[in-house]
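The primary structure of each chain is shown beneath.
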Amino acid sequence: MAITYVRRPAWKRSIRPRLALLVLCNVVTVLGFLAWREQYVTQESLLQMMDERLKAVFSSDREVSTAVEQVPSNFTGKASFMSTICMEDDFIPVRTLVHSLQETKTNADIVVVVMMPLAEQKRQQLTQLGAKLVDSEPIKVKIDESQTSGAEKQLEKEVADKDRSEDPKKRRMCRSNAIQAWRLTQWDRVLYMHPEMLAVENIDDVFQEPPFTATLELGGVVDDSIMLLEPNMEIYSELKRAMVKAAHLPHDIGFLNYFFKDIHPLNPVYNVKAKYQSLDYSRYVFGNARVFNYEGTMKPWNFWYQGPRNWRHSFQEEMIYRWRKADYSARQKLGMDKELLEWRQQRGSKDVCEDYLAHKLDIPEKIMDKYSVLLATHSLRRQATLPFVIRQFLMSPKVDKIFVIWHDKNQPVSKNIRDIVHEAQGTVIILNQTVDSLNNRFNPVKELRTAAVLICDDDVWTPIDDIDMAFESWQRQPDSLVGFAPRVDCYDPSSETIKYCWPFRMKPPRYSIMLTKLMFMDSNFLFLWRCGLPDNILKYVDDLVNCEDIAMNFLISGVTNRAPLHIMSEEVYDFGLDGGISSSPAHFKVRGQCVQQISDLFGKNTLLSVQGSVHRYAETDFKSTTWEEFLRVLKEKEANNEQLEVLDVMSPDDVVQNDV
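Because the structure is predicted, anything quoted here is derived from the model rather than measured.

> Any chance you could explain the environment of Tyr284 here in plain terms?
With respect to the helices, strands and loops of the structure, Tyr284 is situated in helix H10 (residues 282–287). Measuring from C-alpha to C-alpha, the distance between Tyr284 and Val269 comes to 8.5 Å, with 15 residues separating the pair along the chain. Not counting residues up to four positions away in its chain, the partners in contact with Tyr284 are Asn267 and Val269.

> Is there a simple way to think about the sheet that holds strand E8 (residues 264–265) in this case?
Read from one edge to the other, the open sheet built from seven strands follows the order E3-E2-E1-E4-E7-E6-E8, with strand pairing classed as mixed. The strands lining the two open edges of the sheet, one partner per strand, are strand E3 (132–135) and E8. Sheet topology places strand E4 (residues 189–193) next to strand E7 (residues 222–229); four bridges connect them, and they run antiparallel. Considered in E7, the bridge of Val190 is made with Leu229. Against the sheet, helix H4 (residues 91–103) touches strand E1 (79–85), strand E2 (109–114) and E4, its axis set at about 165 degrees to E1.

> Just checking my understanding: could you explain the pattern of salt bridges for this structure?
Note that side chains of opposite charge can pair when their charged atoms are close. Applying the stated criterion to the full structure yields 36 salt bridges. Asp337 is the salt-bridge partner of Arg331, the closest N and O atoms lying 2.8 Å from each other. Of the charged contacts, one joins Asp535 and Arg344 as a salt bridge, the two residues approaching to 2.9 Å between their closest N and O atoms. Of this pair, Asp535 sits in helix H18 (residues 535–544) while Arg344 is found in helix H12 (residues 338–347), placing the two residues 191 residues apart along the sequence.

> Looking at this model, I keep getting lost on the nonpolar core. Mind explaining?
By size, the foremost hydrophobic cluster in this structure holds 92 residues, and its most contacted members are Tyr371, Phe393, Met521 and Leu555. At seven residues, helix H19 (residues 548–560) tops the list of elements feeding residues into this core. In contact with Phe393, other than residues within four places in its own chain, are Val373, Val399, Ile402, Leu454, Cys456, Ile464 and Ile467.

> What is the right way to look at H19 in this model?
Each α-helix turn comprises 3.6 residues. Residues three or four places apart therefore point the same way. The first and last C-alpha atoms of H19 sit 18 Å apart over 13 residues, in line with the 18 Å expected at 1.5 Å per residue. Counted residue by residue, H19 has 13 buried out of 13 residues, so it is predominantly covered. Once H19 finishes, Asn561 follows within two positions and takes phi at roughly 60 degrees, a positive value.

The rules behind each value
Residues numbered from 1 in each chain as written. Predicted model: local features only at pLDDT ≥ 70, side-chain atom pairs only at ≥ 80, totals over all residues. Heavy atoms only, no water. Helix = DSSP H or I, 4+ residues; strand = E, 2+ residues; numbered from the N terminus. Contact = heavy atoms within 4.5 Å. Pairing = 2+ DSSP bridges. Axes fitted to C-alpha atoms, helices over the stretch in contact; angles between N-to-C directions. Salt bridge = Lys/Arg side-chain N within 4 Å of Asp/Glu carboxyl O. Core = buried A, V, L, I, M, F, W, Y, C linked by side-chain atoms within 4.5 Å. Buried < 20%, exposed > 50% of the residue type's maximum accessible area, 1.4 Å probe, protein only. Expected span 1.5 Å × (residues − 1).

Here's what the structure looks like:
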């Protein structure tokens, strides 16, 4: 009998090894996920881990506190807001918070617990604004890092990266002192508010919520930025004892969750953070905001020299301006800075910012593949050259709109410019100004819809292809100023001050300042300049009629921690020698003083220097040689070492005498 062998199809013969390979891949994936989860723990899993650990912290013979019935009450007792001053940096935001609460016509008291030596003048300011001061010693916790797991350290690092405070450990200790609210037994209910908050509307209704009430973060973790509680010394003592015993815990994750098992959630509109703008319900949250929270975000009182690492995610225009406006209102009530407040009313930012916020374009995202042009003009001498400069920008397909800043309110727009506006059919827009100020060139523009903006003068020309190349460079480095005219700050040992120097005089050549003759930047900095910076910086520029570009370099480097980027162009023409600001003999002496004075106004020198430039592609000169010939070249370089030596200090020839 013949035996017939039947061959299985090829796909059946290969299915077993493929299944084995698939199973192996799944096993490796699971093991990799478990390893990743061990290193980068989520807040939910960390909360569970904390729950187990906290069982050993609290007394075993006591019941965990629970909240009262979760329904609104008819509370008629004595109520108080409460915040703390634990570090020097807390004073200004707390002063503004106190004033914002008073401006909402609250019926509750406002208590500030002071846990550090505070000057009498500052104490009087808080009292004058309506605060009651309570002096207290901070709860000192010795943080034992050895007891903190790798996963907890990673999470703590992520939190710290959002807030580059001068002393993270002290800030962490101060944050833990929020539990001092339970000591205020003179009041029946206390609403604790983090020092870095601002009341936008009256929030007395929160006192009708049942204690313990707080906003919740991801995974149900209590956010102790704002908490409604009933003061109780027994609870305070237990929390204090547990906190000291659990000193190794990062921040307070899971701490209050364990103590208060039933937590009444507070609507997030009472704790609005800039990061919420990326959420689906951001329009509801910001449209109904009752309290803004600036913790771990761009702080309106110091962002220009201590910007957060993720500054774009923490940048929210209304939050910044509302705080700045409240700060000026508090100063006015205290009778401070009368000259500055008068300048602000007459020539400052109030009308510009409020008009912008009321009428700006409502777009989900700014355009990234085009740029806007802000072209500043003033002198009648430019009426002949301005059309030429405008038409050049109209040649580029990457230009979205051209905004001509018309500084002189007394001089009407000439016919040749009006004709271009008509021909461009909405691409060219004239921005008439109510006052003549250099600050106008950085005003936020409500019609602007691009992420990039080109700041330029009306007396500078370079090929449009080079400008478009500069835009492409900015797209790859959007945190930097990108331009064609670099300068550098340098130290003068004779006067012990910072000066304004030529980059090519440095060895090796370097630069830290980009002039506004032709300069790309993120359009968000227009708002930060006019509506975020303190008005004393804007008044300095206004009075001096100079150095607005230097101050903008300080601002952007301070926020982004990035140096500018220089673009090489073979043709850059500056025809502003007849009547421009830089044509004045005193112009260069003034700019030499500006760097130091602006550094003082900003609180520190934020400028960062760099050596590299961007230019069009050119073939690299690779030299083929022998080892012996290469050694000879090195010896020649060593012989010229004195000429190659890096200069540590400047000489008189290094100082810029002419910007042309």
